[in-house]
Amino acid sequence: MSKKIGFLGCGQMGQAMIQGMIDSRVVEPEQISATALTDETIDFVADEYGIFISNDNKKLAASSDILFLAVKPYIYEGVIQEIKSSVTEDTVIVTVAAGITLEKVKNSFDFNVKVIRAMPNTPSLVGAGMSVLCPNDFITEEELSSVKELFESFGESEVVGEHLMDTVTAVSGSSPAYVYMFIEAMADAAVQQGLPREKAYKMAAQSVQGAAKMVLETGIHPGELKDTVCTPGGTTIEAVNMLEQTGLRSSVIQAMNACTLRAKELSNGGK
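Now for a description of the structure that goes with this document.

**Remarks on a nonpolar patch on the surface**
Then comes step 1: Among the surface-exposed residues, Leu243, Leu248 and Val252 lie close enough to one another that they form a single nonpolar patch of about 210 Å² accessible area.
Then comes step 2: Checked against the element boundaries, Leu248 lands in helix α12 (residues 248-267).
Then comes step 3: In this structure Leu248 comes out as partly exposed when scored by relative accessible area, which is 35%.

Below you can see the structure in the form of C-alpha cells.
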C-alpha cells in the first residue's frame, strides 16, 4: 500500500494499530505520521515505532490520505474544527470512538467528507483484535478495501450497516471485559480449591483462547462443541447445569442489552 497514514492522537489504541501495521508490513514506518499532546508521548512513539510524530494536527491532516481520529469522543468536535480546512474531499477519515456517528462527522466538516466509522477492541494490542467498519456513501470499494487491510493487520474485521454499530459495541467492543471477568472467576474458584493463582490464570485464559479458536476454525456451532465436552453423568454437565440454574446466559444477554442501550444514548448525544 502506497498511501500516507495519519493518526491524530496516539494513545494505547493508536499505538496498537501502528504496531500491527508495521509488524505485518502492510505499510512502512515512513508512511505513518501521528500527533500527540505531550512531549513524553511524542518522544516514546518516535523511538518505539520509528514514525514521524509532532503536535501539529493541521499539518498531519493535510498530508494524510487516510486519517485516523484516535482521540476521546468528547474532543472530536474541537479536533474537527481545528483540521477541517486542512482536509480535502479525497481524504478518508476513520473514526475510532463510541457514539461518533457518520452524520455527526459529516455535519462537523460542513462538506461531503469520506468517513469510515470503526470500532476496534483492546485485543488489537496483541494482534488479535476484532474491528467492525461502517463506511458512508462517499467511500469507494477500493478505499474501504484499503482501510479493511489496515485493520486486518492486527486482527479480523467485518463491515456492517450503521444501524448495527451500537450492537457491535456490546458484542465485540466491550465484550473483552466480560471475558476477563469470566477468566478471573474461574481462576478464583481454582485458587479456592488450592491451585496457585498464576497457574490458575494461565489455565483459564488458555482454555478460553482454545475454545474460541475451536469455534472460529471448525465452523461447528458453539452448542454442539459444548455437547462434545459433556459426557453423560460426568463433571462438565454438572457445571453446565449449575451455570444454567444461576442464569449465565440471562446475565450475559442483559449485560449486552444494557451496553447497547448506553451506546445508543451516546450516539444520540447523551452523556
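**Side note on the packing of helix α7 (residues 165-173) against helix α8 (residues 175-192)**
Then comes step 1: Where α7 contacts α8, the axes come no closer than 5 Å and their chain directions differ by 30°. Classified by the interaxial angle, the pair formed by α7 and α8 is roughly parallel. Facing α7, whose interface residues are Thr169, Ala170, Val171, Ser172 and Gly173, α8 presents Ser175, Pro176 and Tyr178.
Then comes step 2: Class assignment of the residues belonging to the contact of α7 with α8 gives a composition of four nonpolar, four polar and no charged.

**Thoughts on the sheet that holds strand β5 (residues 92-96)**
Then comes step 1: Strand order in the open sheet made by the eight strands is β3-β2-β1-β4-β5-β6-β7-β8, with mixed pairing throughout. Bordering the open sheet on either side are β3 (52-54) and β8 (155-159), each of which pairs with just one other strand. Each adjacent strand pair in this sheet contributes to an overall mean axis angle of 20°, direction not counted.
Then comes step 2: Pairing of strand β4 (residues 66-69) with β5 involves four bridges; the strand directions are parallel. Bridge pairing in β5 links Leu67 to Ile93.
Then comes step 3: Along the sheet, helix α4 (residues 76-83) makes contact with β1 (5-8), β4 and β5, crossing β4 at roughly 150°.
Then comes step 4: Those strands touched by helix α5 (residues 102-109) are β5, β6 (114-119) and β7 (129-135), and its axis lies near 140° from that of β6.

Scoring rules and cut-offs
Residues numbered from 1 in each chain as written. Predicted model: local features only at pLDDT ≥ 70, side-chain atom pairs only at ≥ 80, totals over all residues. Heavy atoms only, no water. Patch = residues over 30% accessible without salt bridge, like charges linked within 9 Å, V, L, I, M, F, W, Y side chains within 5 Å. Areas by Shrake-Rupley, 256 points an atom, 1.4 Å probe, with all protein chains shown as cover. Salt bridge = Lys/Arg side-chain N within 4 Å of Asp/Glu carboxyl O. Helix = DSSP H or I, 4+ residues; strand = E, 2+ residues; numbered from the N terminus. Buried < 20%, exposed > 50% of the residue type's maximum accessible area, 1.4 Å probe, protein only. Axes fitted to C-alpha atoms, helices over the stretch in contact; angles between N-to-C directions. Parallel < 35°, antiparallel > 145°, perpendicular 65-115°, else oblique. Contact = heavy atoms within 4.5 Å. Nonpolar A, V, L, I, M, F, W, Y, C, P; charged D, E, K, R; others polar. Pairing = 2+ DSSP bridges.

Bear in mind that shape data such as this cannot, by itself, settle questions of function.
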